[in-house]
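Analysis of the macromolecular model
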Amino acid sequence: MSEETSLQDPRLVLWRYARETAEAADFATLDRAAGCLAVAVADMVMSSRTERHRTVAQTLAGAPGVCTVSGLAQRVDITSAVLTNSYLMHARLTDDSFRVAAHPGLAIVPVALAALEHAALLPAQPSDGERLLRAVVGGYECACRLAERLLPAVSQRGWRVTSVISPLAAAATMSLMLALPEDSACAALGLAAAATGGPLGVVSTGGDGWILQPALAVQAGVSAAIAASAGLTGGAGTLAGPHGLYSMFGDGSGLEPPQPEARASIHRVTFKRFPVAMYGQSIFAALQGLPPVTGTLRRISVRLAPFASSYGNQSDASADSISSVEGITRAALRAFHPGLVADWGDPERLEVVGDPTLSELSARVDIELDDGRVLTLTGNGDTSGWGSTDFARHCTTLLGDIGGRLYDAAAGLPHGSSTDQLLGLWRAAR
């Protein structure tokens with residue numbers, strides 16, 4: 001695409017990146033999409049097994065329809081299904097991540113699955129597994145390219161990147177699943193851009209706003225795509241105008257990276273082993289690798305990459321919030337070293353340091369004990385290299401035998417398996 005075209009209509013640039021990446025996806029990329037799909041479904045089902053989240057899901061589920069909600073017997077309309085499943089996918093803070101702060105999967109997998117079921121009402125639309133996976137690949141491409149464009153400026157400005165990118169990622173995924181023509185897909189992105197935003201403050205305080213906020217953004221993106229399919233339009237200025245998404249949330253740089261990525265962005269997505277923020281995975285990994293320690297803690301220092309160390313305004317964040325490095329560290333100590341005693345009322349007990357020499361998914365933890373022992377630990381939370389064995393093990397760990405079968409059903413999709421088995425297992429999982 002020429003520079004002139006990209007400057008004229010950034011919606012078209014973004015759409016073509018998503019569509020062309022989806023169309024060009026090789027078997028390795030489709031296998032990766034199957035892994036993302038299986039892990040997402042396992043996360044949704046696991047959340048639905050918690051009474052509190054299941055009650056919320058039952059309340060959010062709207063008008064009757066053909067779309068599945070994890071853990072519920074009733075079927076609902078497409079926008080309600082997307083809202084509820086996005087909520088469930090994020091509810092335990094175990095969903096996938098990109099560039100530490102973004103959670104792309106919640107804007108893509110629930111949308112693709114709901115659109116797959118919705119397609120049963122549209123005989124002209126095939127509902128094969130390959131189409132599903134290619135839409136997942138394209139949705140991730142849209143989400144991750146937006147995250148690359150906006151981070152870290154979007155977070156530094158006080159906005160939550162997941163809620164900024166989710167409407168457009170959802171609209172792109174829906175457009176791919178419905179095979180919308182290019183004009184309608186661009187209109188969907190423009191309309192979705194009008195619904196972007198979401199204050200970052202929800203992650204640094206108490207309450208449940210952090211769970212629901214992204215799901216609302218995803219629902220808006222699906223509605224935008226549906227509206228575009230009915231003929232509504234959205235202007236290019238909603239992305240690149242003086243008050244558009246790129247200038248309001250980003251740093252004002254050019255519209256697109258100078259060089260496209262060599263591989264689909266879905267290969268850079270990371271997955272969580274622990275129910276904490278992505279940058280907290282390295283803290284948990286560091287403390288898990290140490291044999292149980294007993295004694296009294298004098299001081300602990302946690303070093304992270306600068307972005308992670310300041311994310312969510314750490315100086316004012318509640319220790320009980322999901323963004324708090326202190327809270328994450330305390331949770332890891334409780335999990336792996338319950339015999340270690342600490343007076344957390346002392347503000348000097350724990351120090352958080354931004355270290356530019358560390359990668360964005362690594363940590364160094366220095367522990368000083370009252371008896372003079374000093375322990376230096378390192379951890380790495382980068383799981384972007386996960387393959388089929390990792391996905392299968394993760395799904396089985398979460399859900400037991402049905403988790404393993406869910407993964408097998410997803411893994412068969414790139415090789416011609418029907419979506420019926422995957423949908424059947426998902427609906428049966430309680």
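This report concerns the structure included in the present document. Just so it is clear, the structure is predicted and the values come from calculations on it, not from any experiment. Residue numbers restart at each chain and count upward from 1, following the sequence in its written direction. Under the rules for a predicted model, residues below a pLDDT of 70 receive no local features and side-chain atom pairs below 80 are neither given nor counted, while totals for whole chains, interfaces and linings still include all residues. Calculated side-chain values reflect all of the structure's heavy atoms, with hydrogen atoms and water omitted.

Things to note about unusual backbone geometry
The amide bond that connects Leu 151 to the next residue, Pro 152, takes the cis arrangement and shows omega of 0°. Within the secondary structure layout, Pro 152 lies in the loop between helix H7 (129-150) and helix H8 (153-156). For Leu 93, which is not a glycine, the phi torsion comes out positive at approximately 60°. If you trace the backbone, Leu 93 turns up in the loop between helix H5 (78-90) and helix H6 (109-118). Only protein chains enter the accessibility calculation, which uses a 1.4 Å probe; a residue whose area is less than 20% of its type maximum is buried, one above 50% is exposed, and one in between is partly exposed. For Leu 93, a relative accessible area of 5% translates into the label buried. Helix and strand definitions here come from DSSP, where helices need a minimum of 4 consecutive H or I residues and strands a minimum of 2 consecutive E residues; each element is numbered from the N-terminal end.

Side note on the packing of aromatic side chains
Within 6.5 Å between ring centres, the rings of Phe, Tyr and Trp (the latter by its six-membered ring) count as paired, and their orientation is classed by plane angle as stacked under 30 degrees, edge-to-face over 60, tilted in between. Under the counting rule described, the total for this entry stands at 10 aromatic pairs. Ring geometry for Trp 159 and Phe 249: centres 5.2 Å apart, planes at 85°, overall edge-to-face. Here Trp 159, found in the loop between H8 and helix H9 (161-177), pairs with Phe 249, found in helix H13 (residues 245-249); they are 90 residues apart in sequence, far enough to count as distant. In this structure Trp 159 comes out as partly exposed when scored by relative accessible area, which is 31%. Aromatic pair Phe 391 and Tyr 407: ring centres 6.5 Å apart, planes at 25°, arrangement stacked. Of the two residues, Phe 391 sits in helix H17 (residues 388-399) while Tyr 407 sits in helix H18 (residues 401-411), which places them 16 residues apart along the sequence. Assessed through its relative accessible area of 2%, Phe 391 is described here as buried. Through pairs of rings, three or more aromatic residues link up here, namely Phe 271, Trp 386, Phe 391 and Tyr 407. A ring is scored as having a charge over it whenever the NZ atom of a lysine or the CZ atom of an arginine sits within 6 Å of its centre and within 35 degrees of its normal. Sitting over the face of the ring of Tyr 17, Arg 145 holds its NZ or CZ atom 3.7 Å from the ring centroid.

Section: the nonpolar core
We define the nonpolar core as a collection of buried residues of types Ala, Val, Leu, Ile, Met, Phe, Trp, Tyr and Cys that are connected through side-chain atoms lying within 4.5 Å of one another. Among the nonpolar cores identified, the biggest contains 146 residues, and Leu 37, Leu 113, Tyr 140, Leu 168 and Tyr 279 are the most heavily contacted of them. Whether two residues are in contact is decided by their heavy atoms, any of which lying within 4.5 Å being enough. Discounting residues that sit within four places of it in the chain, Tyr 140 has contacts with Cys 36, Asp 96, Pro 104, Gly 105, Ile 108, Val 109, Ser 265, Ile 266 and Val 269.

As for the side chain of Ser 47
Here Ser 47 is to be found in helix H3 (residues 27-48). Under the relative-accessibility criterion, Ser 47 is labelled buried at 0%. Within polar-contact distance, the side chain of Ser 47 engages the side chain of Arg 92 at 3.4 Å. What Ser 47 contacts, discounting residues up to four positions off in sequence, is His 53, Arg 54, Leu 88, Ala 91 and Arg 92. Polar contacts, as used here, are pairs of N or O atoms within 3.5 Å; protein pairs need one atom able to donate a hydrogen and one able to accept it. Residues neighboring in sequence count only if both atoms are side-chain atoms.

Focus on the pattern of salt bridges
Salt bridges are counted wherever a side-chain nitrogen of Lys or Arg sits within 4 Å of a carboxyl oxygen of Asp or Glu. Throughout the structure, instances matching the rule amount to 23 salt bridges. Of the charged contacts, one joins Glu 368 and Arg 299 as a salt bridge, the two residues approaching to 3.8 Å between their closest N and O atoms. On the criterion of sequence distance, the pair formed by Glu 368 in strand E5 (residues 362-369) and Arg 299 in strand E2 (residues 295-304) is long-range, its members being 69 residues apart. Residue class for Glu 368 comes out partly exposed when judged on its relative accessible area of 27%. Since its relative accessible area comes to 29%, Arg 299 is described here as partly exposed. What emerges from the salt-bridge pattern is a single network uniting Arg 16, Arg 19, Glu 20, Glu 23 and Glu 182.

Some words on empty space enclosed by the protein
A cavity here means a set of 1 Å grid points, computed over protein atoms only, where a 1.4 Å probe fits but cannot escape. A pocket is an open set with protein on both sides within 12 Å along at least 5 of 7 lines, and lining residues have an atom within 4 Å of a point. Grid points are joined across faces, edges and corners, and a volume is the space filled by probe spheres set on the points. Under the criterion given, the structure shown has one cavity of 30 Å³ or more. In this model, the largest cavity occupies a volume close to 110 Å³. Forming the boundary of the largest cavity are 13 residues, of which Ala 101, His 103, Ala 277, Tyr 311 and Ile 322 lie nearest the centre. Residues are grouped as follows: Ala, Val, Leu, Ile, Met, Phe, Trp, Tyr, Cys and Pro are nonpolar; Asp, Glu, Lys and Arg are charged; every other residue, Gly included, is polar. Classifying every residue of the lining of the largest cavity gives nine nonpolar, two polar and two charged.

A short note on H17
For a helix, the expected span equals 1.5 Å multiplied by the residue count minus one. The end-to-end C-alpha distance of H17, which contains 12 residues, comes to 17 Å, matching closely the 16 Å that a straight helix rising 1.5 Å per residue would cover. What H17 keeps buried is the set Phe 391, His 394, Cys 395, Leu 398 and Leu 399. Seen along its axis, H17 keeps its buried residues to an arc of 105°; they face one direction. Among the exposed residues of H17, those pointing more than 90 degrees away from its buried face are Thr 389 and Thr 397. In this structure, the buried residues of H17 make contact with H3 and H18. Directions are taken from the helix axis to each C-beta atom, and the arc is the one they span.

Details of the state of the cysteines
Disulfide: a pair of cysteine sulfur atoms within 2.5 Å of each other. In the structure shown here, the tally under the stated rule is zero disulfides. The closest cysteine sulfur to the non-disulfide-bonded Cys 144 is located on Cys 36, 9.0 Å from its own sulfur.

Quick look at the environment of Gly 295
On the secondary structure map, Gly 295 appears in strand E2. The exposure class of Gly 295 is partly exposed, given its relative accessible area of 26%. On a C-alpha basis, the gap between Gly 295 and His 337 in space is 9.7 Å, while along the polypeptide they are 42 residues apart. Setting aside its immediate chain neighbours within four residues, Gly 295 contacts Gly 339, Leu 340, Val 341 and Arg 373.

Let's talk about the packing of H18 against helix H19 (residues 419-428)
Two elements in contact, H18 and H19, have axes whose closest approach is 8 Å; the angle formed by their N-to-C orientations is 155°. Our classification of the angle between H18 and H19 gives roughly antiparallel. Judged by the sense of rotation from one axis to the other, the crossing of H18 with H19 is left-handed. Contacts between H18 and H19 involve Ile 402, Arg 405, Leu 406, Ala 409 and Ala 410 from the first element and Gln 421, Leu 422, Leu 425 and Trp 426 from the second. When its residues are assigned to classes, the contact of H18 with H19 shows seven nonpolar, one polar and one charged. Geometry is summarised by axes, namely lines fitted to C-alpha atoms with helices restricted to the contacting stretch, and by angles between N-to-C directions that run from 0 to 180 degrees. Reported orientations rely on four angle classes, namely roughly parallel under 35 degrees, roughly antiparallel over 145, roughly perpendicular from 65 to 115, and oblique for the rest. We call a crossing left-handed when the near helix sits turned anticlockwise from the far one by less than a right angle, and right-handed when that turn is clockwise.

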